[in-house]
Number of protein chains: 2
Amino acid sequence: MAYTILDKESVCGVLSQIAEVADYFGDDEIEATEIGDGNLNFVYLIRSVSDPAKAVIAKQAVPYLRIAGEGFPLSRERMTYEIRALLAFKELAPDFVPDIYYTSEEMSLLVMEYLGDHVIFRTRLLEGKQYPHFAAHISSYLAETLFHTSSLFLQSEEKRALMDRFNSNTELCKLTEDFVFTFPYMAHETNDSDGVANNTPLAERIFADMPFKERVLELKYKFMTQADALLHGDLHTGSLMVNAEETYMIDPEFAFVGPFGFDIGALLSNLVQNYIHHTIVTGNETHKAWLLETIRDTLVLFEQKFLALWDATETSALMIPGLLNSESKKSYQQKFMQGILHDTIGFAGCKMARRIFGIAGVADIRGIEDPVLRAQAQERVFEVARVFVMEYDRINSVEEIITTLKG
Amino acid sequence: MAYTILDKESVCGVLSQIAEVADYFGDDEIEATEIGDGNLNFVYLIRSVSDPAKAVIAKQAVPYLRIAGEGFPLSRERMTYEIRALLAFKELAPDFVPDIYYTSEEMSLLVMEYLGDHVIFRTRLLEGKQYPHFAAHISSYLAETLFHTSSLFLQSEEKRALMDRFNSNTELCKLTEDFVFTFPYMAHETNDSDGVANNTPLAERIFADMPFKERVLELKYKFMTQADALLHGDLHTGSLMVNAEETYMIDPEFAFVGPFGFDIGALLSNLVQNYIHHTIVTGNETHKAWLLETIRDTLVLFEQKFLALWDATETSALMIPGLLNSESKKSYQQKFMQGILHDTIGFAGCKMARRIFGIAGVADIRGIEDPVLRAQAQERVFEVARVFVMEYDRINSVEEIITTLKG
């Protein structure tokens, strides 16, 4: 199907001609509502008129920034990578990825399950809502996707083929390089977005903190060059939809083959920022205790599940039977997992620090209305972020992370 | 030009129709001699009949292993990567790469300068011949090629485009993964090539040396995942042609984007093995002293030249002006260069150890005719290799390397 931009009027007609969508709706008449509140893409909710519980989401990228209009061109290739990543992750961790009904890279179009019973995880965390299954879910998702797209599982030719499919996601990787690892640490026009100015005392302290910035660059270099596994690339709590029983990952348009610790670190940074929000704003100790437990469980379960998958793998690009004995494999694995933990902590630190001034703050911190409390929260975010970034390769256990957060 | 296999009879006719080759020879009649002693490709020397000093080399890959015949299929894509690498390196370090007259990926064909006045570096090193300019040359070649293909110089989109051009050199990368980092450390049918059996006491010691093998796997993982810069990929002393005044790199068919330290480590390992050869076989102290000086100069000059290029670069994928101050940039650079040295030492250790039993030994060691001396040399190779592999990230200066070699 050649590329044409769909709108509320044309989308139903086009979708009716797609066999997978027609199958889903049967003979029902369908109607479309535009629901996208994102900056980038058009998103339509397509429902059966007679049975509104039957619904799918159609998401299309346009060759410009949706929120800004045609005057702001932006390659619609981002949808190519979102499609490829969704299909890859659906295969690896089906319970945590929405059902995909149809994809077309040519049309930059994706038709998928409507998660009508789920909400954005960040929204609920701000309300102090707890999800007892979250750590179990997300640790499975992370272990399955990261392990199975790495050289610890794949053969070399499979790994290189995977890299080929994502290597050219240049535009969105560059956004991360700039907006997570560079601009937030210097006076830059893209900072200072919602009243948090480049010239506050905290900003000036960060911009002048050269030892911190050297470490950030170390992590930036890892981000750019360390091709461990296929990443979501932007796994914050706004990219997760949850209800009491289920957890779904969405919006993986930043996907590329990068360091193991980056997705886990993104998640850790968001849980930490929610913890700081509740410390400063609500004092909700029950929620805070659950957050610490969730952080601990997520990291510990991730390691257990990742190692279980590894133990079950005899042959990969890295290892073949007969090379190491089992004691030696264990010792190798232990050091390897420690490396993942180090990177996780370092990336979490960068992902936190970038939220203080950089473009696109998180609601947990930037959304605090009282300017005094917001400043306190920002101070605390930087305090923790700085420990994470400066000490990332010297923090060797999950308990040390928890201690830092409590401290 | 569609792919056809050239032979001694057809090669002159085909080459005459290539404008660049026709320009070179003018109206001269040309003749071809097959000179390839390689295992993989056909190599022809094309000369002017009237003026044999006018000559070029034509190199063509066939879809099988040349030495074994059509019954042993092998993708001729290797020539695609050799062509791409030669063109890239010629642009970056023109003094150290033969002139390229014509390339065709479709024909798997390369026409280049005939280095009639040069000999294989390894051959001359075995004879105890010294090349006073070598360290200056190779350090320039390494600094220019590695720096300019890294994220310290390129922009992100350029780096990703470069990776795209080499990412699929899967077959040859796999050869290195298997034959440098895996098979030589276990009983494997591909070892035991020229009378050096899997069941010698030294072999058994290596195969049982689990701490050593864990470290080898650490380095193998870096080789597979650390995308620093475009590498030659097989830069041993047999891939270098020299005379008193000039140094040329040849045969970069293993090229891919990998860790900085791999090419430098390959070179270091070969110089060390030549040092061990002369220690055990000839006792040529003048040559040994020159080798130590060459190792020292190569590593020190490489670092100086690499840093000079870096100092002259304000903007890259990694850094932009205003992010670090100059003192801080120096401190970042120092740590970065130490990382390159560590990897260099580790990879040198693997490249040495693999030569003891693995397929494709080096003449410096495996070619020692007296079995007692050869066994001594092999013991010493492993002794040094083991220090390099076990201590690679704790050896912080070139002088420590020299001390290890003298020890």
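Predicted, not measured: the structure shown is a model, and the values here were computed from it.

Right, let's get into the overall build of chain A. Within chain A, the secondary structure is distributed over 15 helices and 12 strands. Against the globule reference of 22 Å for 407 residues, chain A gives a C-alpha radius of gyration of 22 Å, in line with a compact fold. Projected onto the principal axes, the alpha-carbon positions of chain A cover approximately 60 × 60 × 40 Å. Of all 407 residues assigned to chain A, the portion counted as buried reaches 60%. In chain A, once contacts between residues fewer than 6 apart in sequence are set aside, the share between residues at least 24 apart is 71%. Accessible surface computed for chain A: about 15400 Å², of which carbon and sulfur atoms make up 51%. Side chains of chain A carry 36 positive and 60 negative charges; the gap between the two charge centres is 6 Å.

A separate point is the packing of aromatic side chains. For the coordinates displayed, the defined rule picks out 52 aromatic pairs over all chains. Pairing A:Phe181 with A:Phe262 gives two aromatic rings, centres 6.3 Å apart and planes at 35°, and the pair type is tilted. Taken together, the residues A:Phe181 in helix α7 (residues 170-181) and A:Phe262 in helix α10 (residues 261-282) connect sequence positions 81 residues apart. Relative accessible area serves as the criterion here: at 0%, A:Phe262 is assigned to the buried category. With centroids separated by 5.3 Å and ring planes inclined at 85°, the aromatic side chains of B:Phe179 and B:Phe183 adopt a geometry described as edge-to-face. Look at B:Phe183 and you get buried, because its relative accessible area is 12%. These aromatic residues form a ring-pair network of at least three members: A:Phe147, A:Phe153, A:Phe260, A:Phe302, A:Phe306, A:Trp310, A:Tyr332, A:Phe336 and B:Tyr221. Against the face of A:Tyr275 rests A:Lys288, its NZ or CZ located 5.2 Å from the ring centre.

Further remarks concern the sheet that holds strand β8 (residues 119-120) of chain B. Residues and elements named next belong to chain B. Spatially, the 3 strands line up as an open sheet ordered β8-β10-β11, and their pairing is antiparallel. Edge positions in the sheet fall to β8 and β11 (247-249), since each of these pairs with one other strand and no more. Both strand β10 (residues 240-242) and β11 contribute to a ladder of 3 bridges, which runs antiparallel. The residue of β11 that forms the bridge with methionine 241 is tyrosine 248.

In this section: the interface of chain B and chain A. The interface is formed by 48 residues belonging to chain B together with 49 residues belonging to chain A. Summed over the shared surface of chain B and chain A, the result is 2 salt bridges. Here A:Lys335 and B:Glu218 are joined by a salt bridge, their closest N and O atoms 2.9 Å apart. At the junction of chain B and chain A, the tally comes to 26 residue pairs in polar contact (both at pLDDT 80 or more). The set of elements that each furnish at least two residues to the side of chain B that touches chain A consists of α6 (156-166), α7 (170-179), α9 (210-225) and α12 (326-357) of chain B. Sorting elements by how many residues they give to the side of chain B that touches chain A places α9(B) first, with 10 residues. Counted by class, the side of chain B that touches chain A contains 22 nonpolar, 13 polar and 13 charged residues.

Residues and elements named next belong to chain A. According to the domain assignment, chain A contains domain 1 (11-113) and domain 2 (119-406). Distance from the C-alpha centre of domain 1 to the C-alpha centre of domain 2: 27 Å. Contacts between the two partners involve 21 residues from domain 1 and, on the opposite side, 24 residues from domain 2. Together domain 1 and domain 2 conceal approximately 1900 Å² of surface at their shared face, both sides included; 69% is due to carbon and sulfur atoms. The largest contributions to the domain 1 side of the interface with domain 2 come from Tyr81, Phe89 and Phe96, which together make up 38% of the buried area. The interface formed by domain 1 and domain 2 holds 1 salt bridge in total. Between aspartate 251 and lysine 59 there is a salt bridge; the shortest N-O distance is 2.6 Å. For the side of domain 1 that touches domain 2, the leading source of residues is helix α3 (residues 78-92), giving 9 residues. Tallied by class, residues from the side of domain 1 that touches domain 2 come to 12 nonpolar, 1 polar and 8 charged.

A few words on the environment of A:Thr247. All names here are of chain A. By secondary structure assignment, the location of threonine 247 is in strand β11 (residues 247-249). Through-space distance from the C-alpha of threonine 247 to that of histidine 137 is 6.5 Å; in sequence the pair is 110 residues apart. With residues near it in sequence (within four places) discarded, threonine 247 still touches Asp95, Phe96, Phe134, His137, Leu240, Met241 and Val242. A distance of 2.8 Å separates a polar atom in the side chain of threonine 247 from a polar atom in the side chain of histidine 137.

So, on to the packing of α10(A) against helix α14 (residues 371-391) of chain A. Residue and element names in this part refer to chain A. Relative to each other, α10 and α14 sit at 140°, their axes nearing to 10 Å. Put simply, α10 runs oblique to α14. When the axes of α10 and α14 are compared, the crossing they make is right-handed. Only Leu373, Gln376, Ala377, Arg380, Val381, Val384 and Phe388 of α14 make contact with α10, whose side of the interface consists of Leu268, Val272, Gln273, Ile276 and Ile280. Here the contact of α10 with α14 is composed, by residue class, of 9 nonpolar, 2 polar and 1 charged.

This part takes up the nonpolar core. Judged by nonpolar contacts, the single largest core of 231 residues is most densely connected at A:Phe306, A:Trp310, B:Phe306 and B:Trp310. Aside from chain neighbours lying at most four places away, what touches B:Phe306 is B:Ala143, B:Leu146, B:Phe147, B:Leu152, B:Phe260, B:Met337 and B:Ile340.

Least-squares fitting of chain B to chain A yields an RMSD of 0.0 Å, with the superposition described by an axial translation of 0.0 Å and a rotation of 180°. The operation mapping one copy onto its partner corresponds to a two-fold rotation axis. No C-alpha of chain B lies nearer the rotation axis than that of B:Gln226, which sits 2.5 Å from it. A shared interface surface links the copies, since 100% of the contact residues of chain B are contact residues in chain A too.

Residue and element names in this part refer to chain A. Even without being glycine, serine 108 reaches a positive phi, approximately 50°. By the secondary structure assignment, serine 108 is in the loop between β6 (100-104) and β7 (109-113). Of the residues examined, serine 108 reaches a relative accessible area of 1% and is grouped as buried.

Reading the values: rules and limits
- Residues numbered from 1 in each chain as written.
- Chains lettered and ligands numbered in written order.
- Predicted model: local features only at pLDDT ≥ 70, side-chain atom pairs only at ≥ 80, totals over all residues.
- Heavy atoms only, no water.
- Helix = DSSP H or I, 4+ residues; strand = E, 2+ residues; numbered from the N terminus.
- Rg over C-alpha atoms; globule rule 2.2 N^0.38 Å.
- Buried < 20%, exposed > 50% of the residue type's maximum accessible area, 1.4 Å probe, protein only.
- Contact = heavy atoms within 4.5 Å.
- Areas by Shrake-Rupley, 256 points an atom, 1.4 Å probe, with all protein chains shown as cover.
- Lys, Arg positive; Asp, Glu negative; His and termini not counted.
- Charge placed at Lys NZ, Arg CZ, Asp CG, Glu CD.
- Phe/Tyr/Trp six-rings, centres within 6.5 Å; stacked < 30°, edge-to-face > 60°.
- Lys NZ or Arg CZ within 6 Å of the ring centre and 35° of its normal.
- Pairing = 2+ DSSP bridges.
- Salt bridge = Lys/Arg side-chain N within 4 Å of Asp/Glu carboxyl O.
- Polar contact = N/O pair within 3.5 Å; in protein donor to acceptor, adjacent residues only side chain to side chain.
- Nonpolar A, V, L, I, M, F, W, Y, C, P; charged D, E, K, R; others polar.
- Domains from an automatic or database assignment.
- Buried area = accessible area lost by both parts, 1.4 Å probe.
- Axes fitted to C-alpha atoms, helices over the stretch in contact; angles between N-to-C directions.
- Parallel < 35°, antiparallel > 145°, perpendicular 65-115°, else oblique.
- Left-handed = near helix turned anticlockwise from the far one by under 90°.
- Core = buried A, V, L, I, M, F, W, Y, C linked by side-chain atoms within 4.5 Å.
- Least-squares fit on C-alpha atoms with pLDDT ≥ 70 in both.

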